[in-house]
Amino acid sequence: MRQIFGRPASLTDVPMHYCPGCTHGIIHRLVAEVMDELGIREKTIGIASVGCSVFAYEYFNCDMQQASHGRAPAVATGIKRVWPDRVVFTYQGDGDLASIGAGEIVHAAARGENITVIFVNNAVYGMTGGQMAPTTLLGQKTTTTPLGREARRNGMPVRVVELLSQLDGPAYLARVSVHNPKMVNTAKRAIRAAFQAQLDGRGFSLVEVLSTCPTNWGLTPVEALKWLEDNMIPYYPLGEVRTPSSASRQAGVPAAASTATAPTPAAFGATGTAPATRGKEGE
Amino acid sequence: MARVTFNEQRCKSCELCVSVCPQGIIFLADEINLKGFHPARVTEMDKCTGCAFCARMCPDQVIEVFAEGGKPVHA
Ligand SMILES: Cc1ncc(C[n+]2csc(CCOP(=O)(O)OP(=O)(O)O)c2C)c(N)n1
Ligand code: SF4
Ligand code: SF4
Ligand code: SF4
Ligand SMILES: [Mg+2]
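### A few points about the site of ligand 4
Surrounding ligand 4, one finds F6(B), C11(B), K12(B), S13(B), C14(B), E15(B), C17(B), A40(B), C58(B), P59(B), V62(B) and I63(B). Its residues assigned to classes, the shell around ligand 4 shows 9 nonpolar, 1 polar and 2 charged.

And the structure:
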């Protein structure tokens, strides 16, 4: 018998500190598998952010740099411009990217910076004990929304992929999930496409990965996967919103015309979830 | 013919592997590992198809999969 599955070489052998069943570990492995398969480990520089994945530099077996909270896209910009032949990616949570780092991510995307962003949306600030994030769902209980997020008091959850799709800079934008083995495979395809876009010099790429935080959601790891599927996916539809081919079709088209088309994610072949209805938004 | 191995000291008893195994052959052992978790194990290895669903869902890189003439998923 031969080995058909094991730890990718782009992950170190260091045991991960994540809570039991936290899907950060799955997402780490997918990024590492893609590095292995593209043969880019020796020329990749990862940027760890602030959040539960702050120790990502211990786990990725490539060069790593730690950035302060929210600043990973700016740090990645500097590194990529100094080392244009390297592959540069950030790994950021939703608090890091969509809250304190909202400015950095929007401008890195707007500039079409040739970097790849792995954006882990678990609808909460995990590391600091489960406070509301910009991505927390309506009705979701957190330590700062003990009765559940309310639109009037807290505003609506932010859809980062759709927000960035209003810009002409991004070459690749997709949202995926890791709540079952099939979705894990789809997520890997998207991460691979994002790194490929960077290798082809197409510009900014971002993959939003819906992820669980069993600890702060107060659920078992298995219940958390189900909660993600039942609650996050209806609000955060899965699919590719921008690909290099759709982006190049837009080249030369006036910005107003090109941005009018993109926002609804296209399902990944037959495997993605169809664009969800948005009926619940106003409730 | 397929076989899975568990690096038991890394297991955190999250049961994601248990929940996705189509053959229902993974269970948590009664004893505990050095971290204090009940490690996941396979009872009837002859029923394992080598689908690697368990390994794909394991967040802690506990599981390796071996198969006869199998196509590598990631090895
Ligand atoms: C400048 C600064 N402000 C606030 C914090 C506190 N802090 C640490 S992690 C974090 C949020 C992390 O949430 P997220 O990015 O969603 O990552 P997760 O832990 O959920 O993976 C905050 C607010 C900090 N470390 N630095
Ligand atoms: S607090 Fe949440 S996001 Fe952080 S390691 Fe634990 S489960 Fe994962
Ligand atoms: S490889 Fe498939 S059949 Fe075998 S233990 Fe894992 S999930 Fe079950
Ligand atoms: S998924 Fe991994 S860590 Fe979780 S119970 Fe199974 S082997 Fe253990
Ligand atoms: Mg978070």
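### Things to note about the site of ligand 3
Taken together, the neighbourhood of ligand 3 is formed by V4(B), C21(B), P22(B), Q23(B), I26(B), C48(B), T49(B), G50(B), C51(B), A52(B) and C54(B). When its residues are assigned to classes, the shell around ligand 3 shows 8 nonpolar, 3 polar and no charged.

### Regarding the interface of chain A and chain B
Note: interface size is frequently given as the accessible area lost on complex formation between the parts. Taken together, the contact between chain A and chain B spans 35 residues of the former and 33 residues of the latter. Sorting the residues of chain A by area buried against chain B places M1(A), I4(A) and F5(A) first, and these three jointly supply 30% of that buried surface. For the pair chain A and chain B, the interface holds 2 salt bridges. R56(B) is the salt-bridge partner of E33(A), the closest N and O atoms lying 3.3 Å from each other.

### Structural notes on the sheet that holds strand 1 (residues 2-6) of chain B
Across the sheet, 3 strands lie side by side as 1(A)-4(B)-1(B); this open sheet has antiparallel pairing. Of all the strands in the sheet, just strand 1 (2-5) of chain A together with strand 1 of chain B have a single pairing partner and so form its edges. Going from strand to strand, the sheet's axes swing by 35 degrees on average, the running direction of each strand aside. By the bridge criterion, 5 bridges tie strand 1 of chain B to strand 4 (residues 63-67) of chain B in an arrangement that is antiparallel. Its bridge partner being in strand 4 of chain B, A2(B) is matched across the sheet by A67(B).

### Focus: the nonpolar core
Formed by 42 residues in total, the largest nonpolar core has its most connected members in F60(A), F89(A), I118(A) and F195(A). Those elements that provide at least two residues to this core are helix 1 (24-38), helix 2 (56-59), strand 4 (87-93), strand 5 (116-121), strand 6 (172-177), helix 8 (181-199) and strand 7 (205-210) of chain A together with helix 1 (16-20) of chain B. With 8 residues, the single largest contributor to this core is helix 1 of chain A. Core analysis: the second largest hydrophobic core is formed by 22 residues, A67(A), I105(A), A108(A) and F119(A) among them.

### Overview of the coordination of the magnesium ion (ligand 5)
Residue and element names in this part refer to chain A. The protein atoms that coordinate the magnesium ion (ligand 5) are D94 (OD), N122 (OD1) and V124 (O), at distances spanning 2.0 to 2.2 Å. When the donor residues of the magnesium ion (ligand 5) are listed from N- to C-terminus, their spacing reads D-x27-N-x1-V. Within this pair, whereas D94 is found in helix 4 (residues 94-100), its partner N122 is found in the loop between strand 5 and helix 6 (151-154), the two being separated by 28 residues in sequence. Here D94 and N122 have matching classes, each one buried.

### Side note on the pairing of strand 4 of chain A
Residues and elements named next belong to chain A. Extensive coverage of strand 4 is indicated by the burial of 7 of its 7 residues. Here strand 4 shows a buried face lined by V87, F89, Y91 and G93 and a second buried face lined by V88, T90 and Q92. Where strand 2 (residues 44-48) lies against strand 4, 5 bridges are found, and the strand directions are parallel. By the bridge assignment, A48 is partnered in strand 4 with Y91. Note: strand 4 against strand 5, 5 bridges, orientation parallel. Counted as the bridge partner of G93 is V120 from strand 5.

### As for the packing of aromatic side chains
Where two aromatic rings form a pair, the distance of their centres and the angle of their planes describe that pair. Across all of its chains, the model carries 7 aromatic pairs over all chains by this definition. With a centroid separation of 6.1 Å and an interplanar angle of 55 degrees, the aromatic rings of F60(A) and Y91(A) are classed as tilted. Here the residue F60(A) occupies a position in the loop between helix 2 and strand 3 (63-66), and Y91(A) occupies one in strand 4, the gap between them amounting to 31 residues. Each of the two residues, F60(A) as well as Y91(A), counts as buried. In this structure an aromatic cluster arises from ring pairing among F60(A), F89(A), Y91(A) and F195(A). When the ring centre of F66(B) is taken as origin, the NZ or CZ atom of R3(B), which lies over that ring, is 4.6 Å away.

### Comments concerning the side chain of S53(A)
Looking at the element boundaries, S53(A) is found in the loop between strand 2 and helix 2. Discounting residues that sit within four places of it in the chain, S53(A) has contacts with Y18(A), H24(A), H28(A), A48(A) and Y91(A).

### Section: the packing of helix 1 of chain A against helix 8 of chain A
If you want to describe how two helices pack, look at the angle between their axes and the distance between the axes. Residues and elements named next belong to chain A. Orientation of helix 1 relative to helix 8, taken along the N-to-C sense of each, is 50 degrees, at an axis distance of 9 Å. The angle between helix 1 and helix 8 places the two elements in the oblique class. Where helix 1 crosses over helix 8, the two elements pack in a sense that is right-handed. Contacts from I26, L30, V31, E33, V34, E37 and L38 in helix 1 reach V184, A187, K188, I191, R192, F195, Q196 and L199 in helix 8.

### Observations regarding the environment of L16(B)
Here L16(B) is to be found in helix 1. Using a relative accessible area of 0% as the deciding quantity, one classes L16(B) as buried. Placed 42 residues apart in sequence, L16(B) and C58(B) show a C-alpha to C-alpha distance of 6.4 Å. Those residues in contact with L16(B) that sit more than four places away from it in its chain are G21(A), P221(A), V222(A), L225(A), M57(B) and P59(B).

### Remarks on helix 10 (residues 221-235) of chain A
Between its first and last C-alpha atoms helix 10 of chain A spans 21 Å; for 15 residues at 1.5 Å apiece the expected length is 21 Å, and the two agree. At L228(A), helix 10 of chain A shows its maximal bend, which comes to roughly 30 degrees. Looking only at helix 10 of chain A, the buried set comprises P221(A), A224(A), L225(A), L228(A), M232(A), I233(A) and Y235(A). Residues of helix 10 of chain A that are buried in the fold lie against strand 5, strand 6, strand 7 and helix 9 (214-217) of chain A together with helix 1 and helix 2 (53-57) of chain B.

Quick notes on the rules
- Residues numbered from 1 in each chain as written.
- Chains lettered and ligands numbered in written order.
- Predicted model: local features only at pLDDT ≥ 70, side-chain atom pairs only at ≥ 80, totals over all residues.
- Heavy atoms only, no water.
- Near = heavy atom within 4 Å.
- Nonpolar A, V, L, I, M, F, W, Y, C, P; charged D, E, K, R; others polar.
- Contact = heavy atoms within 4.5 Å.
- Buried area = accessible area lost by both parts, 1.4 Å probe.
- Salt bridge = Lys/Arg side-chain N within 4 Å of Asp/Glu carboxyl O.
- Pairing = 2+ DSSP bridges.
- Helix = DSSP H or I, 4+ residues; strand = E, 2+ residues; numbered from the N terminus.
- Axes fitted to C-alpha atoms, helices over the stretch in contact; angles between N-to-C directions.
- Core = buried A, V, L, I, M, F, W, Y, C linked by side-chain atoms within 4.5 Å.
- Buried < 20%, exposed > 50% of the residue type's maximum accessible area, 1.4 Å probe, protein only.
- Donors = N, O, S within 2.8 Å, 3.2 Å for Na, K, Ca; no water.
- Phe/Tyr/Trp six-rings, centres within 6.5 Å; stacked < 30°, edge-to-face > 60°.
- Lys NZ or Arg CZ within 6 Å of the ring centre and 35° of its normal.
- Parallel < 35°, antiparallel > 145°, perpendicular 65-115°, else oblique.
- Left-handed = near helix turned anticlockwise from the far one by under 90°.
- Expected span 1.5 Å × (residues − 1).
- Bend = angle between axes of the 7 residues up to and from the residue.

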